[in-house]
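Spelled out, the chains give:
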Amino acid sequence: TTYPPQKTLIKKLDEHFHPTLLSIQSVDYTNTSIMATAFSCDKSTAPAEFIANLATYAVENCPVSWSVGAKAAEMVGRDSYFQGSTPLDTWVGYLVVVGFGALFSVFTTIVVYLDKTFAGNASMTSEHFNTAGRMVKTGLTASVIVSQWTWAATLLQSSNVAWQYGVSGPFWYASGATIQVLLFGVLAISLKDIAPSAHTMCEIVRARWGKSAHLTFLFFAFCANIIVTSMLLLGGAATVEALTGMKYELAAFLIPWGVILYTSTGGLKATFMASYLHTMIIFAVLITMITLVYIKVYSSDQIYSFLDNTVSYSPEQCMAIYSTEGTVETSFFYSGDKSVLGQTEGTAQYACGPVSGNAQGSYLTMLSGDGLMFGIINIVGNFGTVFVDQSYWQSAIAARPASAAKGYLLGGICWFAIPFSLATSLGLASTALMLPISRGEAGSGLVPPAVADNLLGSAGAVLILIMLFMAIVSTGSAESIAVSSLVAYDIYREYINPEATGKQILWVSRVTIVVFGVFMGLFAIALNAMGLNLGWVYLFMGIVIGSAVIPLWNMMTWDKASGKGAIIAAWGGFALALISWFVGASVESGSVSVATLGSNPVMLSGNLVAILSSGFIHYVYSKFIDPQEYDFSTLDANIHLVEQDTAGLTDDILDKDEIRRSKRWIVRRGYLLTFVLIIVWPILSIPAQVFTESYFAFWVLVSIAWGFGAAIVITFLPLFESQDEIGKVCSGMFNFVMCKKVEGEEFAEEEPVKEVDEPAEPVKEPEAEVEADAGESA
């Protein structure tokens, strides 16, 4: 074959693919490949005068977003991506927030009714409402863990740290929040061993350490639930407002109602069933976004080239690019506001130029000082939001003993894919395309919707909105049922009505879900009015609840753990964390404000002091001042059922040998995976320094494979494990429709409430320093 001259072929290819391809530099006839490096400014949609002004600053390659996509022309001279306008109509926001909430309420109620009627499962007692029968299998446990741990922050904040730090951001977000779930599997199987009758973690605290410790850890438990729900609503309402124009206050108030309706109706079982559906939808959107960025629209090589181009600009060139006329004098690069032009110093408000603290200023490196600092904050803070959050204890309570350990391990591995794969695609694409996303927009979690809107237009915005709503309602329902359990068992039954019946517990649980939902909607509005965004609250959480982590771990695993020491450690660590936080802000910036308190070094100091000082205090007090010799075999005798609903508590289920094997299984694998994720993986990436094109392609391949693999497992494993129950429901429905009566077919009937007598002798306070006799307390 006779090939045409290179110039002729390049011209024809250029004309044919413009502007979807880069400026074509050369054609390799041997490999039949096209070499493309960067968009030249003459291919952009910027006005000729703007381009001419840029040329005076030696800007030859313009941002990719100026040449690609239906909105390319709108990206030039823009000081924010959304800029007050919304890609979707307001009615779409109402449809998703109100319509999806009602849809899931109806769907979940029907599924729970069918499960009860045709599969012969237990009727709704207070025990079943708050524990789901303690018989949940591995696949559904993993799905629920993924759903509970997928916050609005998981979807939004993970892409924000990719926008800030590059490839290290998604990794540290994912690994720094996965290890807590892996390690919590150890507590989950320990709970099945020593406190299988428990309803809440605070019940276990009360049974072992007494009233004072119970009130202490009840405070931290409520703080965890409130902070997590605040982040859900802050990120969720901000994104709904940015995408649809729906008022922030209205979105924050209405979002919880989608959770309230089905959670108050079906309890923990309904939450689990809805969470499975939410997780499937989240993974479906995740796979769509990965495919778009790295397979359909772009490739890893193109994104690599774009990211190199982003960091190639000097500060002066960045100022000229982010301006109204292509000049430094009309720049808003440092102000982020068109009304303030010409500012020549400050914090860059857009992703342009070398990344401070990264090796060679590149986004394509794990050698990132700020990225590592974020990773440490993430690790410390998320220990609090797992170990101190009642919803994770509740999932452990609901699981079968054999499923508890495996469910948490599998859930952690599958969850890793969501922040890692999503942010590696959407987060890196935002900086590669140089979309005009301001620092304020990124901090509010608007990176994913901006990229999705740029790639798919309104359809992309709708997909992110649905994905976000799934994350909010799944975690929100878990937090609601967690708070209702704490109020019902640890406040109402413990201090208000010790003789409460099952019906009273059920009524209090349902009322609490409604009240908590309304309160959180109003609280999120107040936080927004104070100027606190998603990113700020996310970094702050470890300071508040980090001091409770190590005492709770010791409670379940260390027989010498002192109750007095736990109280002193929790409050002492909290006080020291606050002091170091305020002092750090004052030392670093000379003043204390929301902005100075939110810097990474200051947040890091507060988070580290919270968890480390607490652990040190508890160890020293328990080891040298008030050592205990606690017999864990007596713990469960101090925890009492309200009704004689012993589902999941029979001897064949609580087989001690099986529990010991499960504990060895999760300890080995949990510790090993933790070591791999936070030590081995980062160390292995250090020799690469700044990634080569092939290394980055492999990194992307890992993220794609992990995303697809997790989606397959989390979708099909619960269905496979529940095939018998699904078959019973389908068979029962078919027989009902056909008016057939199957001989011997019986469905669950309401069991009469049987109250369990409280012990004659209550558990003595730790202050008395005298342990209650095991026989007496039983």
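Residues numbered from 1 in each chain as written. Predicted model: local features only at pLDDT ≥ 70, side-chain atom pairs only at ≥ 80, totals over all residues. Heavy atoms only, no water.

Visitor: Lay out the overall build of the chain with the relevant residues and their values.
Guide: Looking only at helices and strands, the chain features 28 helices and two strands. Classification of the 778 residues of the chain by burial places 59% in the buried group. A sequence separation of at least 24 residues applies to 80% of the contacts in the chain between residues at least 6 apart. When the accessible surface of the chain is totalled, it reaches about 29,100 Å², and 63% of it is carbon and sulfur. (Helix = DSSP H or I, 4+ residues; strand = E, 2+ residues; numbered from the N terminus. Buried < 20%, exposed > 50% of the residue type's maximum accessible area, 1.4 Å probe, protein only. Contact = heavy atoms within 4.5 Å. Areas by Shrake-Rupley, 256 points an atom, 1.4 Å probe, with all protein chains shown as cover.)

Visitor: Account for the pattern of salt bridges, naming residues and giving values.
Guide: Any two side chains of opposite charge can pair, on the condition that their charged atoms come close. Summed over all chains, the structure comprises five salt bridges. In this structure, Arg-660 engages Asp-657 in a salt bridge whose closest nitrogen and oxygen atoms are separated by 2.4 Å. Taken as a pair, Arg-660 and Asp-657 lie in helix H25 (residues 656–685) at a separation of three residues, close to a single helical turn. For Arg-660, a relative accessible area of 45% gives the class partly exposed. (Salt bridge = Lys/Arg side-chain N within 4 Å of Asp/Glu carboxyl O.)

Visitor: Can you explain the packing of aromatic side chains? Please cite residues and give values.
Guide: Counting across every chain of the model gives 47 aromatic pairs. Each ring, one from Phe-519 and one from Phe-523, has its centre 5.6 Å from the other, and the planes form 15 degrees; the classification is stacked. Taken as a pair, Phe-519 and Phe-523 lie in helix H19 (residues 502–529) at a separation of four residues, close to a single helical turn. For Phe-523, a relative accessible area of 28% gives the class partly exposed. Both rings, one in Trp-681 and one in Trp-706, keep their centres 6.1 Å apart while their planes meet at 20 degrees; by these two values the pair is stacked. With Trp-681 in helix H25 and Trp-706 in helix H26 (residues 693–721), this pair connects stretches of sequence that are 25 residues apart. The exposure class of Trp-681 is buried, given its relative accessible area of 16%. Here Arg-78 stacks its cationic end above the ring of Tyr-81, 5.9 Å away from the centre of that ring. (Phe/Tyr/Trp six-rings, centres within 6.5 Å; stacked < 30°, edge-to-face > 60°. Lys NZ or Arg CZ within 6 Å of the ring centre and 35° of its normal.)

Visitor: Any details on the state of the cysteines? Residues and values, ideally.
Guide: On inspection of all chains with the given rule, the structure shows one disulfide. The side chain of Cys-318 participates in a disulfide bridge whose partner is Cys-352; the two sulfur atoms lie 2.1 Å from each other. With the S-S dihedral at roughly -90 degrees, the linkage between Cys-318 and Cys-352 falls on the left-handed side. One end of the pair, Cys-318, is in helix H12 (residues 315–321); the other, Cys-352, is in the loop between H12 and helix H13 (369–387), with 34 residues separating them in the sequence. There is no split in this pair, since Cys-318 and Cys-352 are both buried. (Disulfide = S-S within 2.5 Å.)

Visitor: Talk me through the nonpolar core; I want residue IDs and the actual numbers.
Guide: In this structure, Leu-54, Trp-151, Ile-204 and Phe-696 are the most contacted members of the largest nonpolar core, which totals 231 residues. Here this core gets 19 residues from one element, more than from any other, and that element is helix H9 (residues 211–244). Setting aside chain neighbours within four positions, we find Phe-696 in contact with Val-167, Tyr-294, Ser-300, Ile-303, Tyr-304, Leu-364, Leu-428 and Phe-691. Core analysis: the second largest hydrophobic core is formed by six residues, Val-136, Leu-140, Tyr-276 and Ala-398 among them. (Core = buried A, V, L, I, M, F, W, Y, C linked by side-chain atoms within 4.5 Å.)

Visitor: Help me get a handle on the packing of helix H11 (residues 300–310) against H26, residues and values and all.
Guide: Between two packed helices, what matters for the description is the angle formed by their axes and the separation of those axes. Taken N-terminus to C-terminus, the directions of H11 and H26 make an angle of 120 degrees; their axes are 9 Å apart at the nearest point. The angle between H11 and H26 falls in the class oblique. As H11 packs across H26, the resulting crossing turns out to be right-handed. Touching Ser-300, Asp-301, Ile-303 and Tyr-304 of H11 are Glu-693, Phe-696, Ala-697 and Val-700, all from H26. For the contact of H11 with H26, the residue count by class is five nonpolar, one polar and two charged. (Axes fitted to C-alpha atoms, helices over the stretch in contact; angles between N-to-C directions. Parallel < 35°, antiparallel > 145°, perpendicular 65-115°, else oblique. Left-handed = near helix turned anticlockwise from the far one by under 90°. Nonpolar A, V, L, I, M, F, W, Y, C, P; charged D, E, K, R; others polar.)

Visitor: Please give an account of unusual backbone geometry that cites residues and values.
Guide: Although it is not a glycine, Met-434 adopts a positive phi angle of roughly 55 degrees. Tracing the backbone through its elements, the reader meets Met-434 in the loop between helix H15 (401–432) and helix H16 (439–443). Not every positive phi belongs to a glycine, and Gln-689 is a case in point at roughly 50 degrees. Among the structural elements, Gln-689 can be located in the loop between H25 and H26.

Visitor: Summarise the environment of Ser-356; cite the residues concerned and give the values.
Guide: Position of Ser-356 relative to the elements: it lies in the loop between H12 and H13. Of the residues examined, Ser-356 reaches a relative accessible area of 60% and is grouped as exposed. Sequence separation between Ser-356 and Gly-369 is 13 residues, and the spatial gap between their C-alpha atoms is 8.6 Å.

Visitor: Residues and numbers for the side chain of Asn-378, please.
Guide: Mapped onto the fold, Asn-378 is located in helix H13. Here the side chain of Asn-378 touches Trp-172 through a polar contact of 3.0 Å, landing on its backbone oxygen. A polar contact is formed between the side chain of Asn-378 and the backbone oxygen of Tyr-173, at a distance of 3.0 Å. Not counting residues within four places of it along the chain, the set of residues in contact with Asn-378 comprises Trp-172, Tyr-173, Gly-176, Ala-177, Gln-180 and Tyr-538. (Polar contact = N/O pair within 3.5 Å; in protein donor to acceptor, adjacent residues only side chain to side chain.)

Visitor: Help me get a handle on a positive patch on the surface, residues and values and all.
Guide: On the surface, Lys-406, Arg-661, Arg-664, Arg-668 and Arg-669 cluster together to form a positively charged patch. For the positive patch, the element with the most residues is H25, which contributes four residues. Structurally, Arg-669 can be placed in helix H25. The class of Arg-669 is partly exposed, set by a relative accessible area of 36%. (Patch = residues over 30% accessible without salt bridge, like charges linked within 9 Å, V, L, I, M, F, W, Y side chains within 5 Å. Lys, Arg positive; Asp, Glu negative; His and termini not counted. Charge placed at Lys NZ, Arg CZ, Asp CG, Glu CD.)

Visitor: Account for a nonpolar patch on the surface, naming residues and giving values.
Guide: Taken together, the side chains of Leu-672, Phe-675, Val-676, Ile-679, Ile-683 and Ile-686 make up a nonpolar region of the molecular surface, amounting to roughly 510 Å² of accessible area. Relative to the helices and strands, Phe-675 is located in helix H25.

Visitor: Describe in detail the side chain of Ser-613, supporting the description with residues and values.
Guide: Within the secondary structure layout, Ser-613 lies in helix H24 (residues 600–625). Residue Ser-613 is classed as buried on the basis of its relative accessible area of 15%. Separated by 2.4 Å, the side chain of Ser-613 and the backbone oxygen of Val-609 make a polar contact. Those residues within four positions of Ser-613 in sequence are excluded, and the remaining contacts are Gly-573, Leu-576 and Leu-608.

Visitor: Describe in detail the packing of H9 against H19, supporting the description with residues and values.
Guide: At their nearest, the axes of H9 and H19 sit 9 Å apart, and the two run at 65 degrees to each other. Here H19 runs roughly perpendicular to H9, going by the angle between their axes. Where H9 crosses over H19, the handedness of that crossing is right-handed. The segment H9 lies against H19, with Asn-225, Ile-226, Thr-229, Ser-230, Leu-233 and Leu-234 engaging Phe-516, Phe-519, Met-520, Gly-521, Phe-523, Ala-524, Leu-527 and Asn-528. Its residues assigned to classes, the contact of H9 with H19 shows nine nonpolar, five polar and no charged.

Visitor: Describe H13, with residues and values.
Guide: In this model, H13 (19 residues) spans 28 Å end to end at C-alpha, consistent with the 27 Å of a helix rising 1.5 Å per residue. Most of H13 is tucked away, with 15 of its 19 residues classed as buried. The backbone nitrogen of Gly-371 lies 2.9 Å from a side-chain oxygen of the residue at the head of H13, namely Ser-368. (Expected span 1.5 Å × (residues − 1).)

Visitor: Can you explain the confidence of the model for the chain? Please cite residues and give values.
Guide: Caution applies to low-pLDDT parts of the model: their predicted coordinates are not meant to be read in detail. Averaged over the chain, the pLDDT score is 81; the fraction of residues at 70 or greater is 84%. Of the regions scoring below 50 in pLDDT, residues 744–778 engages in 59 contacts with residues more than four places distant in sequence or in other chains. (pLDDT = per-residue confidence, 0-100.)

Visitor: Lay out the environment of Ile-686 in plain terms, naming residues and giving numbers.
Guide: Looking at the secondary structure, you find Ile-686 in the loop between H25 and H26. Expressed as a C-alpha distance, the spacing of Ile-686 and Thr-365, which sit 321 residues apart in the sequence, is 8.3 Å.

Visitor: Tell me what's going on with the environment of Trp-415, and back it up with residues and numbers.
Guide: With respect to the element layout, Trp-415 can be found in helix H15. With a relative accessible area of 1%, Trp-415 lands in the buried category. Note: C-alpha distance between Trp-415 and Ser-143 (272 residues apart in sequence) is 8.9 Å. Beyond its immediate stretch of four places on either side in the chain, Trp-415 contacts Val-146, Trp-149, Thr-150, Thr-154, Tyr-173, Ala-174, Ala-177 and Thr-178. A distance of 3.0 Å separates a polar side-chain atom of Trp-415 from the backbone oxygen of Trp-149.

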